[in-house]
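So the chains spell out like this:
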Amino acid sequence: AQSVTQLGSHVSVSEGALVLLRCNYSSSVPPYLFWYVQYPNQGLQLLLKYTTGATLVKGINGFEAEFKKSETSFHLTKPSAHMSDAAEYFCAVSDRVNTGKLIFGQGTTLQVKP
Amino acid sequence: DAEITQSPRHKITETGRQVTLACHQTWNHNNMFWYRQDLGHGLRLIHYSYGVQDTNKGEVSDGYSVSRSNTEDLPLTLESAASSQTSVYFCASSESIVGIVTDTQYFGPGTRLTVL
């Protein structure tokens, strides 16, 4: 069965500092991987996704993530945090067998301090 | 612009009552999903549908039901609300291309349900 683990339920960074949110997955087949962001009192919106091809994926708002098969990881990074990045971030995996179902991690709340 | 809406946005009900949460999408997507969001659990799949008259159980379906009578709507019903069903509920949709279910889901704003 697939699963997703996000390391750290809360991450706090200073404005301008590097953002690193960790995600590890378990899957018996090469998965599709996603990062979603949830701003307060809103639904989730897609930040980026990996399906095939280049392992470094760029998303919206300056975020990027790298698929590392050997480490079963898909960590999310941003070189310089902005106050508007404060939100909850979810990593998700799809099983690639045409179900369209996503398995979500527990979420990481990002706090950005001035 | 296409969108996905949920109503009500907030609901307080009593234990044992039947509650229906509405989800309406104008993306014309075949696939629709209901999740619940709880602290420490992320989002968990309740029910999903690949088209009209199709419904499937997800990971946490007990106590919930859905019906799909048209493409745009997938209402979620709590048959007899329990305090354990206090949660935030999200509806999502995705498209199918040439019969292939795509993985990118578009989410509604959520419904916060409190069962007293």
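The sections below set out a description of the structure shown in this document. (Residues numbered from 1 in each chain as written. Chains lettered and ligands numbered in written order. Predicted model: local features only at pLDDT ≥ 70, side-chain atom pairs only at ≥ 80, totals over all residues. Heavy atoms only, no water.)

**Considerations on the overall build of chain A**
Turning to step 1, where the next piece is worked out: What chain A contains, in helices and strands, is 0 helices and 11 strands.
Turning to step 2, where the next piece is worked out: The N-to-C order of helical and strand elements in chain A reads β-β-β-β-β-β-β-β-β-β-β.
Turning to step 3, where the next piece is worked out: Over its C-alpha trace chain A gives a radius of gyration of 14 Å, about what one expects of a compact globule, namely 13 Å for 114 residues.
Turning to step 4, where the next piece is worked out: Out of the 114 residues in chain A, the part that is buried amounts to 42%.
Turning to step 5, where the next piece is worked out: Within chain A, contacts between residues separated by at least 24 positions form 56% of all contacts whose residues are at least 6 apart in sequence.
Turning to step 6, where the next piece is worked out: When the accessible surface of chain A is split by element, carbon and sulfur atoms take 52% of a total near 5400 Å². (Helix = DSSP H or I, 4+ residues; strand = E, 2+ residues; numbered from the N terminus. Rg over C-alpha atoms; globule rule 2.2 N^0.38 Å. Buried < 20%, exposed > 50% of the residue type's maximum accessible area, 1.4 Å probe, protein only. Contact = heavy atoms within 4.5 Å. Areas by Shrake-Rupley, 256 points an atom, 1.4 Å probe, with all protein chains shown as cover.)

**Notes on the overall build of chain B**
Turning to step 1, where the next piece is worked out: Tallying secondary structure elements over chain B gives 0 helices and 13 strands in all.
Turning to step 2, where the next piece is worked out: Since a compact globule built from 116 residues should have a radius of gyration of about 13 Å, the 14 Å found for chain B is in line with a globular shape.
Turning to step 3, where the next piece is worked out: Across its three principal axes, chain B shows a C-alpha extent of roughly 45 × 25 × 25 Å.
Turning to step 4, where the next piece is worked out: A burial count over chain B gives 47% of its 116 residues as buried.
Turning to step 5, where the next piece is worked out: Within chain B, residue pairs in contact and separated by at least 24 positions form 55% of the contacts whose partners lie at least 6 positions apart.
Turning to step 6, where the next piece is worked out: For chain B, the accessible surface area stands at approximately 5500 Å², while carbon and sulfur atoms represent 48% of it.

**Focus: the interface of chain B and chain A**
Turning to step 1, where the next piece is worked out: Facing the 22 residues of chain B at the interface are 21 residues of chain A.
Turning to step 2, where the next piece is worked out: Contact between chain B and chain A buries roughly 1600 Å² in total, counting both sides, with carbon and sulfur atoms accounting for 50%.
Turning to step 3, where the next piece is worked out: Counting every contact that joins chain B to chain A gives 0 salt bridges.
Turning to step 4, where the next piece is worked out: Here chain B is connected to chain A by 5 residue pairs in polar contact (both at pLDDT 80 or more). (Buried area = accessible area lost by both parts, 1.4 Å probe. Salt bridge = Lys/Arg side-chain N within 4 Å of Asp/Glu carboxyl O. Polar contact = N/O pair within 3.5 Å; in protein donor to acceptor, adjacent residues only side chain to side chain.)

**A few points about the environment of A65 of chain A**
All names here are of chain A.
Turning to step 1, where the next piece is worked out: One can find A65 in strand β7 (residues 64-68).
Turning to step 2, where the next piece is worked out: Note on A65: relative accessible area 1%, which makes it buried.
Turning to step 3, where the next piece is worked out: Separated by 45 residues in the primary sequence, A65 and L20 have C-alpha atoms spaced 9.5 Å apart.
Turning to step 4, where the next piece is worked out: Residues within four places of A65 in sequence aside, it is in contact with W35, L48, T55, L56, V57, F74, H75 and L76.

**Let's talk about the environment of T55 of chain A**
Residue and element names in this part refer to chain A.
Turning to step 1, where the next piece is worked out: Structurally, T55 is set in the loop between β5 (44-50) and β6 (56-58).
Turning to step 2, where the next piece is worked out: Sequence separation between T55 and F74 is 19 residues, and the spatial gap between their C-alpha atoms is 9.3 Å.
Turning to step 3, where the next piece is worked out: Non-local contacts of T55, meaning those with residues more than four positions away in its chain, are made with Y50, A65, E66 and F67.

**Description of the nonpolar core**
Residues and elements named next belong to chain A.
Turning to step 1, where the next piece is worked out: If you look at the biggest cluster of nonpolar residues, it comprises 26 residues, and the most contacted ones within it are W35, L47, L48, F74, L76 and Y89.
Turning to step 2, where the next piece is worked out: Elements with a minimum of two residues in this core: β3 (19-26), β4 (32-38), β5, β7, β8 (73-78), β9 (87-94) and β11 (108-113).
Turning to step 3, where the next piece is worked out: Once residues lying within four places of it in the same chain are set aside, the contact partners of F74 are C23, L33, F34, W35, L48, Y50, A65, E66 and F67. (Core = buried A, V, L, I, M, F, W, Y, C linked by side-chain atoms within 4.5 Å.)

**A short note on the pairing of β4 of chain A**
All names here are of chain A.
Turning to step 1, where the next piece is worked out: Of all 7 residues in β4, 6 are buried, a share of seventy percent or more.
Turning to step 2, where the next piece is worked out: Bridge count between β4 and β9: 7 bridges; the pairing is antiparallel. Bridge pairing links Y36 to F90 in β9.
Turning to step 3, where the next piece is worked out: Where β4 and β5 come together, 6 bridges link them in antiparallel fashion. Residue pairing for β5: W35 is matched across the bridge by L48.
Turning to step 4, where the next piece is worked out: In this structure, the hairpin formed by β4 and β5 is closed by a connection of 5 residues, where N41 is found at a positive phi of approximately 60°. (Pairing = 2+ DSSP bridges.)

**Digging into the layout of surface pockets**
Turning to step 1, where the next piece is worked out: By volume, the largest pocket is sized at about 560 Å³.
Turning to step 2, where the next piece is worked out: Residue lining of the largest pocket: 31 residues in total, with Q38 and E88 of chain A together with Q37, V88 and R112 of chain B positioned closest to the centre.
Turning to step 3, where the next piece is worked out: At the level of secondary structure, the elements contributing two or more residues to the lining of the largest pocket comprise β9 of chain A together with β4 (31-38), β9 (87-94) and β13 (111-115) of chain B.
Turning to step 4, where the next piece is worked out: Looking at which element gives the most residues to the lining of the largest pocket, the answer is β13 of chain B, with 4 residues. (1 Å grid on protein atoms, 1.4 Å probe; cavity = no way out; pocket = protein on both sides within 12 Å on 5 of 7 lines; lining within 4 Å. Points joined across faces, edges and corners; volume = space filled by probe spheres on them.)

Structural measurements only, silent on function.
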